[in-house]
Amino acid sequence: GELIGLTWKDVSFTENTLSINHQLIYKNYGDGCKFHISSPKTQAGVRVIPLTEKVIKAFSEQKKLNFMLGRCCEEEIEGYSDFIFIAKTGRPDMPSAINNVIYNIIKAYNKEEMLLAKKENREPLLLPKVSVHCFRHTACTNKARQGMNIKVLQYIMGHSDSSMTLD
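Quick caveat, the model's predicted, so the values are computed rather than measured.

### Structural notes on the pairing of strand β5 (residues 47-50)
Here is step 1 of the chain: Burial of the side chains of β5 is restricted to one face: R47 and I49 are buried, whereas none of V48 and P50 on the reverse face is.
Here is step 2 of the chain: As judged from the four bridges shared by strand β2 (residues 17-20) and β5, these two strands associate in the antiparallel manner. Bridge pairing in β5 links S19 to V48.

Below is the structure:
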């Protein structure tokens, strides 16, 4: 929800920060299934995350890609607009869209690996099915292994308690 809810106003290219203060959910609240803006799960989820130069560059490239593909988000959802991750239709990506991209990449890799392993007469080294949330956990684990202070990591992850970060 935080990812698909990002707008260009949330990214500061001058401060190298990302503001997280909302998420985008697709749900039926009695008005049919549609996008809604929601607050993060806890107050700790509201945060401003410092970004590395690599991440700033990735956001810059995403902005260029959207422009080159002629994709701009003119849809307004409960006061929020100009979403970063948008579908061909110009609407924000559906919650499942990012995971579907990852699943398709893994499926294509595994298919190619099975053919190569058969040709080389060996067992294939297949990738497991993972989601965006798995990447979030992996990033957290890698930062902890690199020695990032647990309180800093707790803040970046938006956890209200460090025990959640440690788990």
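Additional details are given in the paragraphs that follow.
### Examining the side chain of Q23
Here is step 1 of the chain: The topology assignment puts Q23 in strand β3 (residues 23-28).
Here is step 2 of the chain: There is a polar contact of 3.1 Å between the side chain of Q23 and the backbone oxygen of S39.
Here is step 3 of the chain: Filtering out sequence-adjacent residues up to four positions away, Q23 remains in contact with G1, E2, H36, I37, S38, S39, P40 and K41.

### Observations concerning the environment of Q146
Here is step 1 of the chain: In this fold, Q146 is placed in the loop between α3 (132-145) and α4 (150-157).
Here is step 2 of the chain: When the C-alpha atoms of Q146 and I156 are compared, they prove to be 15 Å apart, with 10 residues separating the residues in sequence.

### With respect to the sheet that holds strand β1 (residues 11-12)
Here is step 1 of the chain: Taken together, the three strands give an open sheet; going across it, the order is β1-β2-β5, and neighbouring strands pair in antiparallel fashion. Whereas interior strands pair on both sides, the edge strands pair on one side only; in this sheet they are β1 and β5.

### A closer look at the pairing of strand β4 (residues 33-38)
Here is step 1 of the chain: Strand direction decides the pairing type here: β3 and β4, joined by six bridges, are antiparallel. Note that in β4 the partner of Y26 across the bridge is F35.
Here is step 2 of the chain: Between β3 and the antiparallel strand that follows it, β4, lie four residues; G30 among them carries a positive phi value of about 90°.

### Observations regarding the packing of aromatic side chains
Here is step 1 of the chain: What the rule picks out here adds up to three aromatic pairs.
Here is step 2 of the chain: Taken together, a centroid distance of 5.2 Å and an interplanar angle of 70° make the contact between Y26 and F35 edge-to-face.
Here is step 3 of the chain: Overall, the relative accessible area of 33% leaves Y26 in the partly exposed class.
Here is step 4 of the chain: One aromatic cluster in this structure is built from W8, F13 and F59.
Here is step 5 of the chain: Over the ring of W8 we find K63, and its NZ or CZ is 4.7 Å from the ring centre.
Here is step 6 of the chain: Over the face of the ring belonging to Y103 we find K129, whose NZ or CZ atom lies 4.3 Å from the ring centre.

Definitions and limits used
- Residues numbered from 1 in each chain as written.
- Predicted model: local features only at pLDDT ≥ 70, side-chain atom pairs only at ≥ 80, totals over all residues.
- Heavy atoms only, no water.
- Buried < 20%, exposed > 50% of the residue type's maximum accessible area, 1.4 Å probe, protein only.
- Helix = DSSP H or I, 4+ residues; strand = E, 2+ residues; numbered from the N terminus.
- Pairing = 2+ DSSP bridges.
- Polar contact = N/O pair within 3.5 Å; in protein donor to acceptor, adjacent residues only side chain to side chain.
- Contact = heavy atoms within 4.5 Å.
- Phe/Tyr/Trp six-rings, centres within 6.5 Å; stacked < 30°, edge-to-face > 60°.
- Lys NZ or Arg CZ within 6 Å of the ring centre and 35° of its normal.

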